[in-house]
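# Working through the structure, step by step
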Amino acid sequence: PLKMTALSMPTRSREEKQAKVDQLRVLYEKVEAYEILLEEERLEAALRAHEEKYPRPTKECPLCLGDIQYTISVHEMLAFN
């Protein structure tokens, strides 16, 4: 038994084939954009979870007196241990 899919439908003319190619191109571009959106959301969730589990240290800024977050380098960690 043959399964009918969008790719296996018969076409009669060059114009029909080109129309099908154009439709598939648009469909694949939309699927790719959706996958990129899902990956961005997954990445944001992973970064939030990491930040909650391992918050960055803060120091008071001597100029604005506000708290600023900073990242400790490997060399700084070795110097303090």
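In this text the structure is predicted, and so the values were computed from the model without any measurement. (Residues numbered from 1 in each chain as written. Predicted model: local features only at pLDDT ≥ 70, side-chain atom pairs only at ≥ 80, totals over all residues. Heavy atoms only, no water.)

## Here's the deal with the overall build of the protein chain
Note the cut-off: In DSSP terms, a helix is any run of H or I states spanning at least four residues, a strand is any run of E spanning at least two, and both are numbered starting from the N terminus. Remark: exposure states derive from per-residue accessible area (1.4 Å probe, protein chains only) relative to the maximum for the residue type, with buried under 20%, exposed over 50%, and partly exposed in between. Per-residue accessibility takes into account occlusion by the displayed protein chains alone, with areas from the Shrake-Rupley method and a 1.4 Å probe.
Each helix and strand in the protein chain was counted, giving 2 helices and 2 strands. Starting at the N terminus, the α and β elements of the protein chain follow one another as α-β-β-α. Out of the 81 residues belonging to the protein chain, those deemed buried represent 4%. Total accessible area computed for the protein chain in this model is approximately 8100 Å², and 61% of it derives from carbon and sulfur atoms.

## Let's talk about unusual backbone geometry
Of note in this structure, L65 is not a glycine but carries a positive phi near 65 degrees. Residue position: L65 is located in the loop between β1 (58-60) and β2 (67-69).

## Remarks on the pattern of salt bridges
Side chains bearing opposite charge may pair, as long as their charged atoms lie close to each other. We apply this condition: Salt bridge, as used here, is a side-chain nitrogen of Lys or Arg placed within 4 Å of a carboxyl oxygen of Asp or Glu.
Tallied over the entire structure, the rule returns 2 salt bridges. The shortest N-O distance in the salt bridge between R42 and E39 comes to 2.6 Å. Here R42 and its partner E39 are both found in helix α1 (residues 14-53), 3 residues apart, which amounts to about one turn of the helix. Classification of E39 as partly exposed rests on a relative accessible area of 40%.

## Quick word on a nonpolar patch on the surface
Formally: Only residues whose relative accessible area exceeds 30% and that take part in no salt bridge are eligible for patches, with like-charged residues grouped when within 9 Å of each other and nonpolar side chains (Val, Leu, Ile, Met, Phe, Trp, Tyr) grouped when within 5 Å.
On the surface, a cluster of nonpolar side chains totalling about 280 Å² of accessible area is made up of L27, Y28 and V31. Within the secondary structure, Y28 is located in helix α1. Judged by its relative accessible area of 49%, Y28 is partly exposed.

## A few points about the confidence of the model for the protein chain
Short version of the rule: On a scale of 0 to 100, pLDDT captures the predictor's confidence in every residue.
Of all residues in the protein chain, 74% have pLDDT values of 70 or greater, and the mean over the chain is 81. Highest mean pLDDT in the protein chain belongs to α1 (94); lowest belongs to helix α2 (residues 74-80) (55).

## Here's the deal with the state of the cysteines
For the record, the criterion: The disulfide criterion used throughout: a pair of cysteine sulfur atoms within 2.5 Å.
Under the counting rule described, the total for this entry stands at 0 disulfides. Its sulfur unpaired, C61 is 3.6 Å from the next cysteine sulfur, which belongs to C64. Judged by relative accessible area, C64 falls into the exposed class, the value being 55%.

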